[in-house]
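# Architecture at a glance
The lines below spell out each chain.
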Amino acid sequence: MQLLERRSARTAAWAPRLWRPSDQAGAVLRAMAERMLTAPDTVCLGSEDAVLLGVRRGAGRVVVDHLESVSDDADELARLLTSVPAEAGEVAVFTPLADEVRLRATDAAGFVATGRWWVRDLPISLAVAGNLGAPRPGYSLAPPPPFHDPGGPIAVIGKATSAQDLVEIGVDAAAREARVAVVIAGPGSPLETIAADAAYQPVAELRAR
């Protein structure tokens, strides 16, 4: 649990609005870890210094939810990643771009970016959601996970035609009480250029092999 709590504090510093811990973060993380340890679809690997917990998501894919080292040993984390049985298929790891240890570990294990998260905090809107028309197309509102508290729902944006369009989507989402917007784009896609032009910042990658 100490490793999970350390992870929560670190990620909060890297994206303070998006990854701000909720009041119940510790209890939720503990319950999640205990459930994973006993679930039949969990992949659990460890050493004296490091631990990997992943979940099989459908056929041929493992998503690693926890990858931590007491001493921040990137080489040990890379060994755990490459120790996931080959028959498990693709292995994916969510990797904050400020996490130098996880970046080195995934690089050493031969992982490549398959998706990138671009984030922008949204201002508090004076509009009343009940008086708004239909939401603009291109995004959806998602509840934050129970261990994060960004102050409202998260606007998950998958489509925009220009930086101005992206800004207007953010305004629409803010009026519906979203406090942070996330653009999820494949590396090198036009949406990444649009996100950068609209002052979004890249904060994380999904890396896989």
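Rules behind the numbers
Residues numbered from 1 in each chain as written. Predicted model: local features only at pLDDT ≥ 70, side-chain atom pairs only at ≥ 80, totals over all residues. Heavy atoms only, no water. Helix = DSSP H or I, 4+ residues; strand = E, 2+ residues; numbered from the N terminus. Buried < 20%, exposed > 50% of the residue type's maximum accessible area, 1.4 Å probe, protein only. Contact = heavy atoms within 4.5 Å. Areas by Shrake-Rupley, 256 points an atom, 1.4 Å probe, with all protein chains shown as cover. Lys, Arg positive; Asp, Glu negative; His and termini not counted. Charge placed at Lys NZ, Arg CZ, Asp CG, Glu CD. 1 Å grid on protein atoms, 1.4 Å probe; cavity = no way out; pocket = protein on both sides within 12 Å on 5 of 7 lines; lining within 4 Å. Points joined across faces, edges and corners; volume = space filled by probe spheres on them. Nonpolar A, V, L, I, M, F, W, Y, C, P; charged D, E, K, R; others polar. Pairing = 2+ DSSP bridges. Right-handed = clockwise from strand over helix to strand, strands pointing away.

## A short note on the overall build of the chain
Regarding its fold elements, the chain presents six helices and nine strands. Expressed along its principal axes, the backbone C-alpha trace of the chain runs to roughly 55 × 35 × 30 Å. Put simply, the chain has 209 residues, and 44% of those count as buried. In the chain, the share of contacts with a sequence separation of at least 24, taken over all contacts with a separation of at least 6, comes to 71%. In the form shown here, the chain has an accessible surface area of approximately 10300 Å², with 56% of it arising from carbon and sulfur atoms. Across the chain, the 21 positively charged side chains and the 26 negatively charged ones have centroids separated by 4 Å.

## Some points on empty space enclosed by the protein
Enumeration over the complete set of coordinates arrives at one cavity of 30 Å³ or more. What the largest cavity holds in volume is close to 50 Å³. If you go around the largest cavity, the residues you meet are Arg6, Arg7, Arg10, Leu67, Glu68, Ser69, Asp72, Leu77, Asp99, Val101 and Arg102. If you list the elements that add at least two residues to the lining of the largest cavity, you get α1 (2-14), β3 (61-69) and α4 (100-108). In terms of residue class, the lining of the largest cavity is made up of three nonpolar, one polar and seven charged.

## Some thoughts on the pairing of strand β8 (residues 180-185)
The buried fraction of β8 is high, at five of six residues. Bridging between strand β5 (residues 112-121) and β8 involves six bridges; their strand directions are antiparallel. When the sheet's bridge partners are listed, Trp117 is paired in β8 with Ile184. Relative to β8, strand β7 (residues 154-157) runs parallel, the two sharing four bridges. Its bridge partner being in β8, Ile154 is matched across the sheet by Val180. A crossover links β7 with its parallel partner β8, the connecting element being helix α5 (residues 163-175), and its sense is right-handed.

## Comments concerning the layout of surface pockets
If a probe the size of a water molecule is rolled over the atoms, the empty space left behind becomes visible. Each pocket or cavity is described by its volume, and for the largest pocket that value is around 810 Å³. Those elements giving two or more residues to the lining of the largest pocket turn out to be α1, α2 (25-38), β3, β4 (90-96), β7 and β8. Here the residues of the lining of the largest pocket sort into 20 nonpolar, four polar and four charged.

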